[in-house]
Amino acid sequence: MSKSAMPSAVHPSVLARLAAIVGPQYVLTGASATLVYDCDGYTLERQSPAAVVLPGSGAEVAQVVRVLHEAGIPFVPRGAGTSLSGAAVPSPEAVVISLARMNRILEVDLRNRRAVVEPGVVNAWITRAVAPQGYQYAPDPSSQGACTIGGNVGTNAGGPHTLKYGVTVNHILGLELVLPDGQVVAMGGPVEDLPGYDLVGLVTGHEGTLGIVTKIVVRLVREPEGCRTLLAVFDSVDDATRTVSQIIEEGIVPAALEMMDNLVIQAVEEAFQFGFPTDAAAVLIIEVDGLEAGLDEQAGAAARICRANRAREIRAARTEDERRRLWAARKKAFGALGRLAPSYVTQDGVVPRTRLPEILAFIGEVGRRYRLRIANVFHAGDGNIHPILLYDERDPDEVRRVILASDEILNACIDMGGSVTGEHGVGIEKVRHMERMFAPADLEAMLDVRAVFNPKGLCNPGKIFPSPGGCVELQRPRRAAPA
Amino acid sequence: MAEAGPVASILQPLMAAAGAQHVRPADPTADAIDGVVPRLVVAPPDEASLARVLAHCHRHRLAVAPRGGGTQLGLGGMPERLDILLDVGGLARIVHYEPADLTVTVQAGMRLGDLQAELGRHGQFLPVDPPAGDGATIGGLLATAASGPLRTGFGHLRDRLLGMRVVRADGRVVRSGGRVVKNVAGYDMGRLHTGALGTLGVIVEATFKVQPRPPAWGAVRVQLDASGEGAGMAPSGASAAPAAGAPPLDADLLEALLAALLDAPAQPVMLEVLGPPAQLLVGFAGTQGEVAFAVQQACRMAAAVADASGARARTAAAVKAEPVPWPKAHGQALAAHRGSLPSLTVRLHGPSDRVAAVIAQVGADAAAAGVPWAYAAHAAAGVVRVHLGQGPAETHQSLIQRWLALCGQWGGNLVVEAAPAALKPSLPVWGQPPSTLFLMRALKDKFDPHRILNPGRFVGGI
C-alpha cells in the first residue's frame with residue numbers, strides 16, 4: 001500500500017482487507033498514486049478516488065466488491081480510461097476498481113466463432129490474435145489500440161466499421177458479471193438464444209451501473225476476402241453529405257463511410273502527410289468489403305454516386321499499406337486537432353442519415369453565430385456526428401459560447417429524432433440531456449432495472465441518470481480528449 | 001380445463017377502456033391457450049386504449065395474454081391464469097418509414113408480410129424469415145425472439161432493433177432507444193423485452209434497421225444420403241418420413257462440411273441441415289458475380305470434403321451437391337422448420353460444432369424409441385429444431401429429458417416450442433432454468449408486480 005500524506009477516505013481496516021485480497025502492491029492511495037485515476041477521456045471533471053484497487057481475477061473482483069458493499073463504500077469500474085463521457089470518473093469517497101491486470105484472452109474457438117476474454121483485454125488484441133486465421137472482432141472504436149473490451153461492453157462502443165457489422169452489443173454472446181453485492185453471475189454464454197430475459201443485451205451499455213463485468217464471450221467474424229477503399233474529395237460539405245445519403249439509399253452497404261471536413265483535413269494532413277487535399281471542403285472515406293468477385297461492382301457504384309454529386313476527385317487505396325495509413329489518419333484525427341487550438345470539446349450526436357446535410361449546415365451556422373471554429377470528423381454512414389468545438393480556455397467568453405453551441409447542436413439532434421450519444425455514452429457529461437431525450441416514465445423503467453441489479457447504488461453512482469432534485473450544473477469545458 | 005369466471009363484472013370497464021366494439025367473448029377453441037379459455041378478448045384500436053386496458057387489468061389483477069398473429073401461442077408453460085386475451089392486431093400501422101435512412105418504425109400488431117410488402121416497394125426488407133411465416137406480427141416475433149434461416153447471414157431480429165415502445169403492466173407507456181442506427185443513451189430496454197414473451201410489458205411499437213434487398217440470391221443443396229433410401233424421392237423436410245427407412249447420418253462428414261462452409265470466404269446467408277434423409281441447404285446473397293462464385297465454391301467444397309472422407313466409402317459416394325433456385329431451397333428450409341409431424345416440437349441449443357452430433361444422437365434416440373421424427377437446424381447458430389410424431393407420453397418425456405442433458409453437456413439448453421397441453425406440466429418447457437433466474441424474477445417483480453402478464457408461461461414459471 002502506497003504511503004500518503006493525506007489519509008484515504010477509506011477506513012484503514014477496509015484498506016487492509018482489500019490488500020489481503022489483491023496484495024498490498026495493488027491497493028493505491030494518496031494523491032500521487034491515484035492522480036491518473038482522477039478522470040478518463042472526458043477531462044472536464046476531475047476527482048481523485050479514495051483508493052484504487054487492481055484485482056487480478058474475477059474471484060478477486062468479487063471479494064473486493066463484497067468488502068466494499070459491506071462497508072457501504074461506492075466503487076467505480078475502470079478499463080483503460082478512454083471514456084469520453086466521464087463514465088469512469090469517481091466521486092471522492094469512491095474506490096476505483098481497475099481491471100487493467102485482467103488482460104488475458106482465455107479461449108479462442110474459431111469453429112464456433114467466439115473468444116472468451118477478460119475485461120482488461122485491449123480491443124485490438126483480439127483481432128490481432130485471430131487475424132492470422134482470417135478472423136476478426138468487428139467493432140473497432142478509434143481508440144481500439146488502447147480501450148478495453150470491458151469498457152466497450154460498458155459503453156456499447158461503436159467505430160467506423162459498425163455501419164456494416166453492428167456495434168458491440170451485436171458481438172457479445174455472454175458475460176460474467178459481479179453484482180454490486182459481490183455475487184457472481186454468468187449470463188448468456190457460448191451458446192446463442194438461451195431461454196430467459198436477454199440480460200447480456202441489457203447489461204451491454206450499462207456504463208458500469210449494473211455491476212462489474214469480469215469475463216466476456218465475444219463473437220468473431222470471418223474477415224472479408226477483400227476490400228476497396230475510396231477517398232472522394234468534395235468542394236462542398238453539402239455535396240459530401242448528399243453522397244452519403246444516396247449511397248445508403250441506393251442499397252450499397254459499405255463497410256465504412258466516414259467524413260472529414262476542411263478543418264480536420266488540414267489538421268490530419270499536417271500531422272500525417274497522407275496527401276489529403278487541404279483545400280477540399282470535405283472528403284469521404286468509403287470502404288466496401290466482401291468477396292473479391294463483387295468488390296469492383298460495389299466500389300464502382302459508390303464512385304458513380306460520388307461523381308454524380310460533383311466529387312472533384314476519387315482516389316482508390318492502391319495497396320494495403322496505403323489503406324492502413326488512410327485509416328490511421330482517420331482514427332487519429334482527434335489527436336491531430338490539438339494542432340489547431342489549445343482546447344477542444346468533442347460531441348457525439350446522432351441524426352437520421354437523411355438529415356445529415358441539415359445538421360451539418362446547422363453546425364456551420366452555429367459556429368458562425370457563436371464565432372467558433374467547429375471541425376467535423378464522423379461516421380457519416382451511421383448519421384453519427386462528432387462536431388469538435390475548438391477554443392482557448394483562457395478566453396472565458398469563448399468557453400461560454402462553446403457550452404451554448406454544444407447544447408444547441410445536441411438539441412437539434414434530439415429535435416431531428418436523433419440521440420445525444422451514438423457511441424460515447426452518457427457518463428456524467430450528458431446526464432442532464434437524458435431528461436430532454438426521455439420522458440420521466442422512460443427513465444423510471446431504466447431505474448427499475450438499476451434497482452434490481454444495483455439496489456444501493458454503490459456501483460458507479462451518478463452516471464447516466466439525473467439524481468432526484470439534483471440538477472447537474474453546466475460544466476466548464478477544458479481540454480477534451482480523443483474518440 | 002378452462003375456467004370462465006363471470007364475464008359481466010369485467011365487461012363494462014373494459015368496454016369503457018377499449019371501446020365497446022373492441023371487446024368480445026372468447027371463442028373456446030380459437031382463443032384458448034393450451035386449452036385455457038380467456039374470459040374476454042379485447043382488441044384495442046390504439047396505444048392509448050391498450051394502455052387503459054392494461055391499467056385496468058393491473059388494478060383488478062386480471063391476467064392478460066397478449067396476442068399478435070397467434071402463430072406461436074403454443075410457446076411457453078400452461079397459463080396459470082387467463083382473463084383477457086389482448087389482441088394487438090388493432091395496432092397495425094407503419095408509423096414512420098424513411099427508405100433513405102434504412103429505418104422503419106412499425107406498430108407491433110402489423111403482420112410481417114404487410115411490412116415486407118411496403119419495404120419491398122423500396123427494394124428493402126427486414127431480413128427475418130420466421131418459420132411461422134408472414135402472418136406473424138412484429139410484436140409476436142419480438143416477444144418470442146423468433147428467427148429463421150436468414151439469421152445466418154443477417155443476424156437475429158434483436159440485432160436489427162433500434163427502439164421500442166412498450167406499455168408496462170400498469171399502463172405506463174415507455175419508450176427506449178430511438179429512430180437512429182446508433183444510440184447508447186440509457187439502457188437497451190428493447191433487448192429486455194425481446195424474447196420476454198410479453199411478461200414484462202406489451203410491445204406496441206418497434207423501430208428496425210432494414211436492409212437493401214441483395215440483387216442476387218442463390219443456393220446449393222447437398223444431399224448427404226443420396227445413395228440411401230431417400231435417393232430417388234424428391235427430398236422435402238416438410239414431408240420427412242419417419243426414421244425407419246433413412247440411413248444413419250454420418251455426423252463427422254456433416255460437421256466437416258459445415259466447418260468448411262463456415263470458414264470459406266463466401267459466407268452463407270443460410271446454412272440449414274434438414275432431414276431425414278439428411279441434406280444441407282446453403283444460401284448466398286449479393287451481387288450476381290458474388291453469388292455465382294459462392295455457389296460454385298460451395299459445390300466444389302462439398303465434393304472436396306466428401307473426397308477427403310473417402311475412407312468412409314459409402315458416404316463419400318453418397319454426397320451430391322447441386323445448385324438449386326433460392327426460392328425453392330429457402331421454402332424447403334422453412335417448411336422443414338415448420339414441420340409436419342403433429343405432436344411435439346423441441347428446439348435444442350448448442351454450439352455450432354455440435355449440431356451434427358446432436359442430430360445424430362437425436363435420430364438414434366428417436367429411432368430406438370420408435371417415435372417418428374424430423375429436424376431442421378440453423379447450423380451456424382447451433383439451433384436444432386426437432387419435430388416428433390405420436391408416441392406414448394412417457395417416451396416423449398424421456399426423450400426430451402435425455403436431450404436436455406445432451407444440450408447441457410455443451411452449455412446449451414432446450415425449449416419445448418409446442419406440445420399437447422396435457423403433456424406440458426410434465427415437460428421442461430424452458431429447459432434447465434438459468435442461474436440468473438433470481439435476477440429475472442426480480443425484474444418481473446419490478447415490471448409486473450401483480451403478475452398479470454402471461455403468468456406462469458415464461459422461464460422458471462415467471
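Predicted, not measured: the structure shown is a model, and the values here were computed from it.

## Quick look at the overall build of chain B
Each helix and strand in chain B was counted, giving 13 helices and 19 strands. Taking 2.2 N^0.38 as the reference for a compact globule, 462 residues should give roughly 23 Å; the C-alpha atoms of chain B span a radius of gyration of 23 Å, in line with that estimate. In chain B, of all internal contacts separated by at least 6 residues, the share reaching a separation of at least 24 is 71%.

## Quick notes on the overall build of chain A
Helix and strand content of chain A: 16 helices and 20 strands. Along the three orthogonal principal directions, the C-alpha set of chain A runs to about 70 × 60 × 45 Å. Counting across all 483 residues of chain A, residues that qualify as buried make up 60%.

## Section: the interface of chain B and chain A
Facing the 69 residues of chain B at the interface are 70 residues of chain A. Elements with a minimum of two residues in the side of chain B that touches chain A: β9 (173–177), α6 (189–193), α8 (288–308), β19 (413–418) and α13 (437–447) of chain B. The element contributing the most residues to the side of chain B that touches chain A is α13 of chain B, with 6 residues. A breakdown of the residues in the side of chain B that touches chain A according to their chemical character gives 32 nonpolar, 23 polar and 14 charged.

## A short note on the sheet that holds strand β8 (residues 172–178) of chain A
Residues and elements named next belong to chain A. An order of β5-β6-β10-β8-β9 is seen for the 5 strands of this open sheet, with the pairing classed as antiparallel. Every interior strand has two partners, whereas the edge strands, β5 (105–109) and β9 (184–188), have only one. Averaged over all pairs of adjacent strands, the angle between strand axes in this sheet comes to 15 degrees, irrespective of strand direction. In this sheet, strand β10 (residues 212–219) lies alongside β8 in antiparallel orientation, the contact comprising 6 bridges.

## A look at the pairing of strand β16 (residues 343–346) of chain A
Residue and element names in this part refer to chain A. Burial of the side chains of β16 extends over both faces: Ser-343 and Val-345 are buried on one face and Tyr-344 and Thr-346 on the other. In this structure, β16 lies alongside strand β20 (residues 387–391), joined through 4 bridges in antiparallel fashion. Bridge pairing in β20 links Tyr-344 to Leu-390.

## Some thoughts on the nonpolar core
Residues Val-218 and Val-283 of chain A are the most contacted members of the largest nonpolar core, which totals 309 residues. The dominant element in this core, judged by the number of residues it contributes, is α8 of chain B, at 9 residues. Residues contacting Val-218 of chain A, with those up to four places away along its chain left out, are Arg-114, Ala-115, Val-117, Ile-126, Tyr-137, Ile-149, His-171, Ile-172 and Leu-173 of chain A.

## Structural notes on the sheet that holds strand β16 (residues 344–349) of chain B
Residues and elements named next belong to chain B. Sheet architecture is open: 8 strands sit in the order β15-β12-β14-β13-β17-β18-β16-β19, paired in antiparallel fashion. Sheet topology places β15 (320–324) and β19 at the edges, where each strand pairs with a single neighbour. Strand-to-strand twist in this sheet, taken as the mean axis angle between neighbours without regard to direction, amounts to 20 degrees. Packing against the sheet, helix α12 (residues 393–409) makes contact with β16, β18 (383–388) and β19, and its axis sits at approximately 10 degrees to β16.

## Topic: the packing of helix α16 (residues 440–453) of chain A against α13 of chain B
Relative to each other, α16 of chain A and α13 of chain B sit at 140 degrees, their axes nearing to 9 Å. If you check the angle between α16 of chain A and α13 of chain B, you find them oblique. The handedness of the crossing between α16 of chain A and α13 of chain B is right-handed. Between α16 of chain A and α13 of chain B, the residues in contact are Asp-448, Val-449, Ala-451 and Val-452 of chain A and Leu-439, Ala-442, Leu-443, Lys-446 and Phe-447 of chain B, respectively. Residue classes in the contact of α16 of chain A with α13 of chain B are distributed as 7 nonpolar, no polar and 2 charged.

## A word on the pairing of strand β3 (residues 75–78) of chain A
Residue and element names in this part refer to chain A. Of the two faces of β3, both are covered, the one formed by Phe-75 and Pro-77 as well as the one formed by Val-76 and Arg-78. In terms of strand pairing, β3 meets strand β4 (residues 95–98) through 4 bridges, oriented parallel. Looking at the pairing, Val-76 lines up with Val-96 of β4.

## Structural notes on the packing of helix α11 (residues 355–369) of chain B against α12 of chain B
When two helices pack together, their arrangement is captured by the angle between the axes and the distance separating the axes. Residues and elements named next belong to chain B. Running from N to C, α11 and α12 cross one another at 160 degrees; their axes reach a closest spacing of 11 Å. By the angle between their axes, α11 is roughly antiparallel relative to α12. Crossing of α11 against α12: the hand is right-handed. Here Val-358, Gln-361, Val-362, Asp-365, Ala-366 and Ala-369 of α11 come into contact with α12, specifically with Thr-395, Leu-399, Arg-402, Trp-403 and Leu-406. Residues belonging to the contact of α11 with α12 are distributed by class as follows: 7 nonpolar, 2 polar and 2 charged.

## Quick look at the confidence of the model for chain B
Any segment with low pLDDT has predicted coordinates that should not be analysed in fine detail. Residue and element names in this part refer to chain B. Taken over all residues, the pLDDT of chain B has a mean of 92, while the share at 70 or more is 92%. Scored below 50 in pLDDT, residues 227–244 shows 43 contacts in the model against residues more than four places distant or in partner chains. Among the prediction metrics, the complex's ipTM stands at 0.94, with pTM recorded as 0.94.

## Some details on unusual backbone geometry
For the bond from Gly-275 of chain B to Pro-276 of chain B, the omega torsion is -10 degrees, close enough to zero to count as cis. That bond from Pro-276 of chain B to Pro-277 of chain B is cis: its omega, -5 degrees, falls within 30 degrees of zero. Considering the arrangement of structural elements, one finds Pro-277 of chain B in the loop between β13 (270–275) and β14 (279–286). A positive phi is found at Asn-460 of chain A, a non-glycine position, where the angle reads about 50 degrees. The residue Asn-460 of chain A is located in the segment after α16 in this model.

## Observations concerning helix α1 (residues 12–22) of chain A
Residues and elements named next belong to chain A. Those residues of α1 lying buried are Leu-15, Leu-18 and Val-22. All buried residues of α1 fall inside an arc of 60 degrees around its axis, so they share one side. In this structure, α1 carries Ser-13, Ala-16 and Ala-20 as exposed residues pointing more than 90 degrees from its buried face. Buried residues along α1 sit against β1 (27–28), β2 (51–53) and α3 (58–71). Count one or two residues on from α1 and you reach Gly-23, which has phi positive near 100 degrees.

## Some words on the environment of Pro-66 of chain B
Residues and elements named next belong to chain B. Examined against the element boundaries, Pro-66 turns out to sit in strand β3 (residues 64–67). Sequence separation between Pro-66 and Ala-143 is 77 residues, and the spatial gap between their C-alpha atoms is 9.6 Å. The contact partners of Pro-66, leaving out residues within four places of it in the chain, are Leu-86, Val-88, Gly-198 and Val-202.

## What about the environment of Glu-398 of chain A?
Residues and elements named next belong to chain A. Examined against the element boundaries, Glu-398 turns out to sit in helix α14 (residues 396–415). Looking at Glu-398, the number of C-beta atoms within 10 Å reads 19, which means it is partly exposed. Placed 114 residues apart in sequence, Glu-398 and Leu-284 show a C-alpha to C-alpha distance of 30 Å. Sequence-distant contacts of Glu-398, defined by excluding residues within four places in its chain, comprise Tyr-391 and Asp-392.

## Considerations on the confidence of the model for chain A
Residue and element names in this part refer to chain A. Considering every residue of chain A, the mean pLDDT works out to 92; 95% of them sit at 70 or more. Segment residues 1–5 is flagged for pLDDT under 50; beyond a separation of four residues in sequence, or across chains, it makes 14 contacts in the model. Scored below 50 in pLDDT, residues 469–483 makes 37 contacts in the model with residues more than four places away or belonging to other chains.

## Topic: the environment of Ala-260 of chain B
Residue and element names in this part refer to chain B. By the secondary structure assignment, Ala-260 is in helix α7 (residues 251–263). Residue class for Ala-260 comes out partly exposed when judged on the 15 C-beta atoms lying within 10 Å of it. The spatial distance from the C-alpha of Ala-260 to the C-alpha of Val-305 is 7.9 Å, given a sequence separation of 45 residues. When sequence neighbours within four positions are dropped, the list of residues in contact with Ala-260 reads Met-301 and Val-305.

About the cut-offs
- Residues numbered from 1 in each chain as written.
- Chains lettered and ligands numbered in written order.
- Predicted model: local features only at pLDDT ≥ 70, side-chain atom pairs only at ≥ 80, totals over all residues.
- Helix = DSSP H or I, 4+ residues; strand = E, 2+ residues; numbered from the N terminus.
- Rg over C-alpha atoms; globule rule 2.2 N^0.38 Å.
- Contact = placed C-beta atoms within 7 Å.
- Buried ≥ 20, exposed ≤ 12 C-beta atoms within 10 Å, placed from the backbone.
- Nonpolar A, V, L, I, M, F, W, Y, C, P; charged D, E, K, R; others polar.
- Pairing = 2+ DSSP bridges.
- Axes fitted to C-alpha atoms, helices over the stretch in contact; angles between N-to-C directions.
- Core = buried A, V, L, I, M, F, W, Y, C linked by C-beta atoms within 7 Å.
- Parallel < 35°, antiparallel > 145°, perpendicular 65-115°, else oblique.
- Left-handed = near helix turned anticlockwise from the far one by under 90°.
- pLDDT = per-residue confidence, 0-100.
- Arc of directions from axis to C-beta.

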